[in-house]
Amino acid sequence: MLNKGQSEEELFTFLSRKRREDLDHDFILSSMCTIPHSVAVRAHCMFMETNLGDPGLFPGTYSIEQLLIRRFGALFHCPEAGGYATSGGTESNIQALRLAKVQKCGITSPNVIVPESAHFSFKKACDMLGLEIRSVPLRKDYRMDADGAAGLIDKNTIALVGIAGTTEYGMVDPIADLAKIAQQHELFFHVDAAFGGMVIPFLDRPVPFDFALPGVTTIAVDPHKMGMSTIPCGCLLTRDPTMLHTLNIDTPYLTVKQEYTLAGTRPGAPVAGALAVLDYLGAEGMKAVVAGCMKNTERIIAGMETLGYPRAATPDLNVATFVCPKELVPGPWRVSWTRKNHLRIVCMPHVHAGRVEAFLTDMQKNRTR
Ligand code: PLP
């Protein structure tokens, strides 16, 4: 700690310099986060000091969180769903498995069945909760093999997980088949739609992935990804509006007597930001954003294939992957690489048509060099 405080000017000169070290979004093609929508930023600033960890002090902010959950409940075909705003997909996935474990607390060696494509947050969750993780190999099309999942279920299985929008390849698992399997085995079925939850409902032909399927128990969706809110904002939705209360612990000195959230202090600002975007754009606005991202995904796939880099998969959502040598991607572009060494580009809202063309031009120059 500095002994004597700095001048504001000195401090902000330092902070500005540090901020300039961050990458420019213009070149970030690898992220599932994006530049927040201007209404999210405005709402965020209004709610900066609010703490949802002590909701009795901030009843207005708390009612915004409730509204956000209601919006997602309605979007996911269960208007009465319960839920709360998390810090993102990781927390939602941890809490979903925590809920599953509480439902089956008699099982001493519990296991959870996830696709090989599951986000690494499930490893964290299983590690923390003492759950065996059973990974189901993917089909050739990078979707979870539902029969393979059914074959791994035994008397110690407490939950099945499907992904609606995989992190690496943008695929939607066969959620309807998995939901049926979950029902047959009376299993808790969590759908990780952290990425896809704000894309699938706005596609021209949405695939079933939500509470419209009777077997779905919980859904994770992240406004701070395709919802263009400020960071951090995820949501965990439960079909049963009271299910989260099974996680309640006593909170002696707060304005509420019990809480089920993982974090204690929780920011209200990004939650206001998330609702602001949904209500500002409405379904029509979101459809336009998603249509743009899907169009850019198709364009980047066509452009890369013309350059001789074939797609690794035909994605359901706005994630494009290619067979392409690493050294052929020029700086300052930031792409990522999947576990199978495929080049991965996420066509988030900031990766607009102009950026796609600029990337393709640079790829072409690098190829002919
Ligand atoms: N689930 C999926 C499908 C994801 O793609 C991600 C992150 O990309 C997560 C969960 C984790 O989300 P977060 O980084 O917000 O915790």
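Residues numbered from 1 in each chain as written. Predicted model: local features only at pLDDT ≥ 70, side-chain atom pairs only at ≥ 80, totals over all residues. Heavy atoms only, no water.

1. Describing the side chain of Thr217
Inference 1: Positionally, Thr217 belongs in the loop between β5 (188-192) and β6 (218-221).
Inference 2: A distance of 2.8 Å separates a polar atom in the side chain of Thr217 from the backbone nitrogen of Phe189.
Inference 3: Beyond its immediate chain neighbours, meaning those up to four positions away, Thr217 contacts Leu187, Phe188, Phe189, Phe211, Leu237, Thr238, Arg239 and Met243. (Helix = DSSP H or I, 4+ residues; strand = E, 2+ residues; numbered from the N terminus. Polar contact = N/O pair within 3.5 Å; in protein donor to acceptor, adjacent residues only side chain to side chain. Contact = heavy atoms within 4.5 Å.)

2. Side note on the packing of helix α4 (residues 89-103) against helix α5 (residues 121-129)
Inference 1: Taken N-terminus to C-terminus, the directions of α4 and α5 make an angle of 40°; their axes are 9 Å apart at the nearest point. Comparing their axes, α5 and α4 come out oblique. In terms of crossing hand, the pair formed by α4 and α5 is right-handed. Of the residues in α5, those touching α4 at Thr90, Asn93, Ile94, Leu97, Arg98 and Lys101 are Ser121, Phe122, Lys124, Ala125, Cys126, Met128 and Leu129.
Inference 2: Taken together, the residues of the contact of α4 with α5 sort by class into seven nonpolar, three polar and three charged. (Axes fitted to C-alpha atoms, helices over the stretch in contact; angles between N-to-C directions. Parallel < 35°, antiparallel > 145°, perpendicular 65-115°, else oblique. Left-handed = near helix turned anticlockwise from the far one by under 90°. Nonpolar A, V, L, I, M, F, W, Y, C, P; charged D, E, K, R; others polar.)

3. Brief notes about the pattern of salt bridges
Inference 1: The full count for this structure, using the stated rule, is 14 salt bridges.
Inference 2: Note that Glu65 and Arg266 form a salt bridge whose closest N and O atoms lie 2.9 Å from each other. In this pair, Glu65 is assigned in helix α3 (residues 59-75) and Arg266 in the loop between β9 (258-259) and α8 (269-306), connecting sequence segments 201 residues apart.
Inference 3: Across the pair Arg71 and Asp279 runs a salt bridge, and its minimum N-O distance is 2.7 Å. (Salt bridge = Lys/Arg side-chain N within 4 Å of Asp/Glu carboxyl O.)

4. Focus on the sheet that holds strand β12 (residues 343-346)
Inference 1: Spatially, β10-β12-β11 is the arrangement adopted by the three strands of the open sheet, whose pairing is antiparallel. Strand pairing shows two members of the sheet lacking a second neighbour, β10 (319-322) and β11 (336-337), which therefore form its edges.
Inference 2: Pairing analysis gives two bridges linking β11 to β12, with the strands arranged antiparallel. Bridge assignment links Trp337 to a residue of β12, and that residue is Leu343.
Inference 3: In the packing of α8 onto the sheet, the strands contacted are β10 and β12, and the crossing angle to β10 comes to about 10°. (Pairing = 2+ DSSP bridges.)

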